[in-house]
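Residue-level structure breakdown
These are the residues of each chain, in order.
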Amino acid sequence: MRTKMKGRISRIGSYAISSSIRDHQQQPCITCTTFNILAPIYKRLSNEDQNFRESDCRTYWFGRNQRILDWLLYERSSIICLQEFWVGNEELVDMYEKRLSDAGYVNFKLARTNNRGDGLLTAVHKDYFRVVNYRDLLFNDFGDRVAQLLHVELIDPFSQCRNGDLRQEILIVNTHLLFPHDSSLSLVRLHQVYKILQHVESYQKEHNLKPIPIILCGDWNGSKRGHVYKFLRSQGFVSSYDTAHQYTDADAHKWVSHRNHRGNICGVDFIWLLNPNKYRKLLKASWSEAVFGMFKCLLRRASLTETDAFAFLKADNDGNYITYSGFCEALEQLNLTGHKHGLADEETKDLWVQADIDGNGVVDYKEFQQRIWKTTWSDQRNDLNDEDEDGFVKSSLEQTIGFSVKNAVLFPPEVEKGRWPENYSLSDHARLTVMTHPYRKNISTEEGCMVHAMGCSNSSSDSSWESLRFHEIVLCSMNHAVYVLPYRTAPILLLGRVAQRTIFKMITDFNPCKLHFLFIALGASERR
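No experiment lies behind these values; they were computed from the predicted model shown.

In this structure, P412 follows F411 across a cis peptide bond, with omega equal to 10°. Mapped onto the elements, P412 comes out in the loop between β15 (397-411) and β16 (431-444). At Q246, a residue that is not glycine, the phi angle is positive and equals roughly 55°. Secondary-structure assignment places Q246 in the loop between α7 (240-244) and β10 (258-259). Classification of Q246 by relative accessible area gives exposed; the value is 72%.

Here it is, written out as structure tokens:
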């Protein structure tokens, strides 16, 4: 049976697995595998006795995990990310660490908090990477979920991609998000992704990293129809599997990767890729948009039309507007607040600031439409050209690396057709392997800054920037957010650390009174 399966997988994944060795001789490639291996403490062996688990029978769990390791070492991916790794069993941990170490991998494991028994394992091959740094991320929330952050540098045989002192670095994240047992937990999962991206952003800032590729691996416990997927897409991440197969965001039904304990099948395992030099929304803005998207989804689930939803938010208010108290009451009724896993008070206030566009203390029907009801998700943006359609101006260039997705394979092969095979027993998840090629990529040499002026006041006839007021001013670097200034009447003079004369010089040819949104790329250094 084992020989038969081995021949089958080598045919199905011939390009992504077997031929990767051949392609490696022609051009460098990086392969990445993510796999939820189903911890023995969760694997039920009997439908009659739900408490009889594989962990009670060493022969079963030992044999199954040996087979999992056989496949992992046969594929020999450059990066291996495992979820539901049984960290609570010393024998199993030693088995994985020994076999992976003997095969040339550097391993990092992390247990879920509160002694839940399982956790994560991330392994990178020494032939491909030098480990620069490693961080644990503990969510300390419902479900005791965790994440791993690994900062690595590519080494030979990728030297042909080098150019002078160019460092070929990558950030790798491995995680397993909470299973949404009910709708209230969808917000928890969204929070977990937000924490991951905040952590990555803080790490980049702390270590003064220029834009580098970011790979997010794991079991996201949500499909392409979900809020987590849309949140990551709004930040510019792409699903590597969908990219390889040229699937769109609407092609959610074409593949699956998990059959859950309820018997439902869905696609929840992803390898997300973000290449450098992509325009990224402010993380906080994406977060607010994601929560508003969830808000709207709950309103529509209650069969409310646009007019009904506005009336629901108005509550008993006689005016044609929504008050802050009515807004808070609606959030609580929709189970987004009022419990320990809901939105914090500060997050609720931030949402209100986003909704109240003109800053007059209430949300009228037009603001309700724009911020809540007709919120749309923005796709990833194209690389910045010398000057793009949003008015970004590119500075001089230096080289870094990016990754192009060449192929991606799910095993067992039936899941690629949206079916779950009854004879598959390695796990209740499919294994996803992605093959990429690194390539040289140009980025701005200056740590560019962006001024984002939302809702510019056009009531003044004076076109000078000194007299303008903004509902929100955000100053950020192209790597990460630096400032968020949500002041109602914040003058441009509040933009501290960027020299004012730089701003004035860059915007001389603009008439901001005619603009509702304005994006301007600036250099970090002063320009004469």
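Under the criterion given, the structure shown has 23 aromatic pairs. Here the aromatic rings of F270 and W272 are separated by 5.2 Å at their centres, their planes lie at 25°, and the arrangement is stacked. Classification of W272 as buried rests on a relative accessible area of 1%. Both rings, one in W420 and one in Y424, keep their centres 5.7 Å apart while their planes meet at 80°; by these two values the pair is edge-to-face. The class for W420 is buried, based on a relative accessible area of 11%. Under the relative-accessibility criterion, Y424 is labelled buried at 10%. The structure contains a cluster of three or more aromatic residues connected by ring pairs, namely Y229, Y241, Y247, W255, F270 and W272. One cation-aromatic arrangement involves K296 over W373; the distance from NZ or CZ to the ring centre is 5.6 Å. Above the face of the F35 ring, R431 is positioned so that its terminal group lies 5.7 Å from the ring centre.

All right, on to the sheet that holds strand β7 (residues 169-176) then. Paired through their backbone hydrogen bonds, the strands of a sheet run either parallel or antiparallel. Taken in spatial order, the 6 strands make up an open sheet running β5-β6-β7-β8-β12-β9, and their pairing is mixed. Both edges of this open sheet fall to β5 (129-138) and β9 (238-239), since each of them pairs with a single strand only. In terms of strand pairing, β7 meets strand β8 (residues 214-219) through 6 bridges, oriented parallel. Residue pairing in the sheet places T175 in a bridge with G218 of β8. Lying on the sheet, helix α6 (residues 227-234) is in contact with β8, β9 and β12 (269-274); it crosses β12 at an angle near 15°.

Here the focus is the pattern of salt bridges. A full pass over the atoms with the stated rule returns 16 salt bridges. Note that R99 and D70 form a salt bridge whose closest N and O atoms lie 2.9 Å from each other. Of this pair, R99 sits in helix α4 (residues 90-102) while D70 sits in helix α3 (residues 58-75); the two residues are 29 residues apart in sequence, bridging distant segments of the chain.

Looking now at the layout of surface pockets. What the largest pocket holds in volume is close to 950 Å³. What lines the largest pocket is a set of 34 residues, among which L38, Y42, R44, H261 and D428 lie closest to the centre. Residues of the lining of the largest pocket, tallied by class, amount to 8 nonpolar, 14 polar and 12 charged.

Quick look at the environment of K98 now. Along the chain, K98 turns up in helix α4. Judged by relative accessible area, K98 falls into the exposed class, the value being 54%. Reaching out from K98, the side chain makes a polar contact with the side chain of D102 at a distance of 2.8 Å.

The next subject is the nonpolar core. Counting 107 residues, the largest nonpolar core has Y96 and F295 as its most contacted members. Sorting elements by how many residues they give to this core places helix α8 (residues 283-301) first, with 9 residues. Setting aside residues no more than four positions away along its own chain, Y96 makes contact with I37, N65, I68, L69, L82 and F85.

Here T248 is to be found in the loop between α7 and β10. Note: C-alpha distance between T248 and K224 (24 residues apart in sequence) is 9.8 Å.

Parts of the prediction with low pLDDT should not have their coordinates interpreted in detail. Mean pLDDT over the protein chain: 78, with 71% of residues reaching 70 or higher. In this model residues 1-25 is a low-confidence stretch, pLDDT under 50, and it forms 40 contacts with partners more than four residues away in sequence or in other chains. Taken as a whole, residues 377-396 scores under 50 in pLDDT and shows 48 contacts with residues more than four places along the chain or in a different chain.

Before going further, it helps to examine the pairing of strand β6 (residues 146-154). Burial within β6 is extensive, with 9 of its 9 residues counted as buried. Burial of β6 is two-sided: the residues V146, Q148, L150, V152 and L154 facing one way and the residues A147, L149, H151 and E153 facing the other way are all buried. Inspection of the sheet shows β5 paired to β6 by 9 bridges, in the antiparallel sense. Looking across to β6, one finds that Y134 is bridged to L150.

Here we take up the pairing of β8. The buried fraction of β8 amounts to 6 of the 6 residues, a majority that puts the element mostly inside the structure. Burial along β8 is two-sided: the face carrying I214, L216 and G218 and the face carrying I215, C217 and D219 are both buried. As paired strands, β8 and β12 are joined by 6 bridges and run antiparallel to one another. Counterpart to D219 in the pairing with β12 is D269.

The rules we used
- Residues numbered from 1 in each chain as written.
- Predicted model: local features only at pLDDT ≥ 70, side-chain atom pairs only at ≥ 80, totals over all residues.
- Heavy atoms only, no water.
- Helix = DSSP H or I, 4+ residues; strand = E, 2+ residues; numbered from the N terminus.
- Buried < 20%, exposed > 50% of the residue type's maximum accessible area, 1.4 Å probe, protein only.
- Phe/Tyr/Trp six-rings, centres within 6.5 Å; stacked < 30°, edge-to-face > 60°.
- Lys NZ or Arg CZ within 6 Å of the ring centre and 35° of its normal.
- Pairing = 2+ DSSP bridges.
- Contact = heavy atoms within 4.5 Å.
- Axes fitted to C-alpha atoms, helices over the stretch in contact; angles between N-to-C directions.
- Salt bridge = Lys/Arg side-chain N within 4 Å of Asp/Glu carboxyl O.
- 1 Å grid on protein atoms, 1.4 Å probe; cavity = no way out; pocket = protein on both sides within 12 Å on 5 of 7 lines; lining within 4 Å.
- Points joined across faces, edges and corners; volume = space filled by probe spheres on them.
- Nonpolar A, V, L, I, M, F, W, Y, C, P; charged D, E, K, R; others polar.
- Polar contact = N/O pair within 3.5 Å; in protein donor to acceptor, adjacent residues only side chain to side chain.
- Core = buried A, V, L, I, M, F, W, Y, C linked by side-chain atoms within 4.5 Å.
- pLDDT = per-residue confidence, 0-100.

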